[in-house]
Amino acid sequence: MRLKLFGNGLISALALAASIGIAEAKTDIIVAMQLEPPHLDPTSAAAGAIDSVLYSNVFEGLTRFGPDGSVNPGLAKSWTISEDGKTYTFNLHDGVKFHDGTDMTAEDVKFSLDRARGDDSANAQKALFAGIESVEVIDPVTVKVTLSEANSNFLFNMAWGDAVIVAPETIADIKTNPVGTGAFKFSDWVQGDKIDLEKNPDYWGTPAQLDNVTFKFISDPTAAFAAVMAEDVNAFVGFPAPENLPQFEADPRFQVLVGSTEGETILAMNNKLEPFDNIKVREAVAHAIDRQAIIDGAMFGYGTPIGTHFAPHNPDYVDLTGLSQYDPERSKALLAEAGFPDGFETTLKLPPPSYARRGGEIIASQLRAVGIETEITNLEWAQWLEQVFRGKDYGLTIVSHTEPMDIGIYARPDYYFQYDNPAFQELFAAITSENDPEKRSELLKQAEEMIAKDYVNAYLFQLAFPTVADARIKGLWKNQPTQATDLTAVVWED
Amino acid sequence: MKIFLHNRSMLPGLVLTLIFTGAAIVSLVWVPYDTTVLNIAERMKSPSLQHPFGTDQFGRDILSMIMVGARTSIAVALVAVGIGMLAGVPLGLAAAARKGSLLDEVIMRMNDLVFAFPSLLIAVMITAVFGASALNAIIAIGIFNIPVFARLTRGAALTLWSREYIMAARVAGKGPARISVEHILPNVTNLLIVQGTIQFSLGILAEAGLSYVGLGAQPPTASWGRMLADSQTMISLAPHLALFPGLAILLTVLGLNLMGDGLRDVLDPKLRRSRS
């Protein structure tokens, strides 16, 4: 009797297990990344981690980036451009609602663009909006943007995470409770741990396949490795320990995607601080650095050497690595010419990513070989943004600039590396207003060359973007045309 | 001397301690390879004749790193113990000499206060506020050594204060300060040496722990704890990267503890008699 009972129990348990298996595919996902956003407003901070969580998932702009970097229609379903290239008329999708239930109309577009370009705007990429002369509401689904000059980049600019459409009603709390129009809505943020998103049932476009999304923040590479191995997370975007990738590749449970990014990794020099205000010193630093050693040593071979601040996969890229070849002897000679025959001492402040921490040790050793002593300080991101990015209190630092087409930062004299060259600022203004693709390309190449010849920074390598994910997940972005973890098309497959 | 070497834990403890202090001292004048020069082409090589312990992820010789790391660890632990002794012993002597007085109360309650905090947390706090460096690690570890020595000294001194020869010294007109220095201190030295050895090994562990979380000595100074932390993600690729610093910490701490044990047996006459 007992045996029989046990048998029945077993059968029903099996049946239950089977029915769970047959039930629909998983609809929740835990995506890990290294950096936690400082707050949740993509329109008022430079921190890429904000876009990594929210771009396209929660917030959308008039246009949006596709996985290949192309600019596609977003909230605007179509647009017309006037003959002179100065007027853009956007036709918005009908019936788009913010997550709080209010309608997204042309008024919201006007509000967002005016807010971003306003005098008191805290937007980190104000240059994107600089050419806008006026934004006019024609009717609730039509908005007309007039530029002061033709700008070939305008649609591209509007796809940035900094140009997403926000609502005036919810702007006050956007840093802790972001309300957008995307396929997911924000649900919870446990600081230091995770951000939860849930499916937006009223989404205007193709609804997301996932019901619940959790972004987990794991900054420590060892913990990252353990979390993926133990399957505590379903995917890790921007996996920080490249040395572990071969191991994941060999494991059938996982898929490894190594994509390209817009991340120019540079050894930034404080151009207004002695002795880096001397171009000879900057050139000496550039020649002291062996890029391949850094790519091999810090990134285990993942990365492409660059000689200027431009992504190598871009058709307008010029290979200028020859200008700053590894040549310690030349570096020493340059230092002597600059008045530092015995070298000098400076600070090297490193943010948390492994490219910076490991790369920093390698660079310190390479600089020591030519007589430049560096005092290494490891900083957390908040400290780095405070001391280096805003405070400009540093000599050298290593960071990856992950925004697309961001050579324009060299036209901003108050940017953290403080490169102030009127010639470059003029050149960049010319690039922005140039509509002819060929001439534009020519000017871009000039710009690349100018910053390389001025040795503004030491250009190291283009950051590779490794993603480790459960082998059953489909639809993740491989490349990073902008900082984003677009989960709107992600689905579990069996 | 014979007693020293016949003691079961003394000999291995002494040998291990001598090996690591020896390595640290040698590293002051000579190491097989410069640990501040990276050689990426030679990275993660397995142990070989050129590199007996192999090379790390930056192509540095691990044997040289261990030697320099021994210097870092020993220097930090030694100075930390020194701080503890220099501050703790006088406090303990003073508290014992004025037993029951306000001074005694203040000193001992302050000790209780320091004891009440988890030491590693305070160390993390100190390095977080004043920046991570070997010096701040020394201060953090040193502060927690003070009450250990103060209590030990006071406890031992109190039993001595009731002895006849102390009474004789008082009758002879010596003041408490002089008695403490001339009669009490020499008689608690044995205890202090034993405790010092134990604290020394704890100091090495604490330094390794702080470096492991990135709050100890900063690169390029080699440190066992940081070597362990850096090699963690590579443990499946090149286990020797973690193995050697791990062994170094283990063996040094083991050696010091064995030596401390042995010293206690040798220096405490009561224990010696009861064993033989």
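Numbers given for residues are sequential positions, taken from 1 along each chain in its written order. Numbering of ligands from 1 and lettering of chains from A proceed in the order in which they are written. The model is predicted, so local features are restricted to residues of pLDDT at least 70 and side-chain atom pairs to those at 80 or more, both for listing and for counting; the totals for chains, interfaces and linings are taken over all residues.

1. Concerning the interface of chain B and chain A
Here's step 1: By the convention adopted here, residues make contact when the C-beta atoms placed from their backbones lie within 7 Å. Taken together, the contact pairs 15 residues of chain B with 17 residues of chain A.
Here's step 2: When residue character is reported, Ala, Val, Leu, Ile, Met, Phe, Trp, Tyr, Cys and Pro are called nonpolar, Asp, Glu, Lys and Arg charged, and the others, Gly included, polar. Among the residues forming the side of chain B that touches chain A, the class breakdown is eight nonpolar, six polar and one charged.

2. Quick notes on the pairing of strand β15 (residues 373–378) of chain A
Residue and element names in this part refer to chain A.
Here's step 1: Two strands are counted as paired when DSSP detects at least two bridges linking them. Put simply, DSSP H or I for four residues or longer makes a helix, DSSP E for two residues or longer makes a strand, and each gets a number counted from the N terminus. Bridge count for strand β14 (residues 345–350) against β15 is six bridges, and the pairing is parallel. Its bridge partner being in β15, Lys349 is matched across the sheet by Thr377.
Here's step 2: Think of it like this: strands point away, you trace from the first strand over the helix to the second, and a clockwise trace means the crossover is right-handed. The parallel pair β14 and β15 is bridged by helix α10 (residues 354–369), and the resulting crossover is right-handed.

3. Some details on the nonpolar core
Nonpolar side chains tend to gather and get buried jointly when the protein is soluble and globular.
Here's step 1: Nonpolar core, as used here: buried Ala, Val, Leu, Ile, Met, Phe, Trp, Tyr and Cys residues forming one set through C-beta atoms within 7 Å. With C-beta atoms placed from the backbone, a residue is labelled by how many other C-beta atoms lie within 10 Å of its own: buried for 20 or more, exposed for 12 or fewer, partly exposed between the two. Counting residues in each nonpolar core, the largest one holds 76 residues, and the members touching the most others are Val31, Val213, Ala224, Ala235, Phe236 and Val468 of chain A.
Here's step 2: For Ala235 of chain A, the residues in contact, after removing those within four places along its chain, are Ile29, Val31, Thr467, Val468, Ala469, Asp470, Ile473 and Leu476 of chain A.
Here's step 3: Met65, Ala137, Ala208 and Leu215 of chain B belong to the second largest nonpolar core, which has 69 residues in total.

4. A look at the sheet that holds strand β5 (residues 87–92) of chain A
Residues and elements named next belong to chain A.
Here's step 1: Taken in spatial order, the four strands of this open sheet run β4-β5-β7-β6, and their pairing is antiparallel. Two strands in the sheet have a free side with no partner beyond their single neighbour: β4 (76–81) and β6 (132–139). Neighbouring strand axes in the sheet, compared pairwise and without regard to direction, differ in orientation by 20 degrees on average.
Here's step 2: The sheet contact formed by β5 and strand β7 (residues 142–147) spans five bridges and is antiparallel. Looking at β7, one finds that Thr89 is bridged to Lys144.
Here's step 3: In the packing of helix α3 (residues 106–117) onto the sheet, contacts are made with β5, β6 and β7, and the angle to β6 comes to roughly 170 degrees. As a rule, the C-alpha atoms of each element are fitted with a line to give its axis, helices using only the stretch in contact, and angles between N-to-C directions run from 0 to 180 degrees.

5. What to know about the confidence of the model for chain B
All names here are of chain B.
Here's step 1: Residues at a pLDDT of 70 or more form 95% of chain B, whose mean pLDDT is 87.
Here's step 2: Residue-level confidence of the predictor is what pLDDT reports, using numbers from 0 through 100. At the low end of the mean pLDDT range in chain B sits helix α11 (residues 269–275), at 55; at the high end sits helix α3 (residues 62–97), at 93.
Here's step 3: Confidence estimates for the predicted assembly give a pTM of 0.76 and an ipTM of 0.74.

6. Considering unusual backbone geometry
Here's step 1: Following Glu274 of chain A, the chain continues to Pro275 of chain A via a peptide bond in cis, the omega torsion being -5 degrees.
Here's step 2: If you trace the backbone, Pro275 of chain A turns up in the loop between β12 (254–269) and α7 (279–288).
Here's step 3: A cis amide bond, omega 5 degrees, links Pro219 of chain B with the succeeding residue Pro220 of chain B.
Here's step 4: With a phi close to 55 degrees, Phe300 of chain A is a non-glycine residue in the positive phi region.
Here's step 5: Considering the arrangement of structural elements, one finds Phe300 of chain A in the loop between α8 (291–299) and β13 (304–305).
Here's step 6: On the basis of neighbour count, Phe300 of chain A is assigned to the buried category, with 22 C-beta atoms found within 10 Å.
Here's step 7: At Gln418 of chain A, a residue that is not glycine, the phi angle is positive and equals roughly 55 degrees.
Here's step 8: Along the chain, the position of Gln418 of chain A falls in the loop between β16 (396–401) and α12 (422–433).

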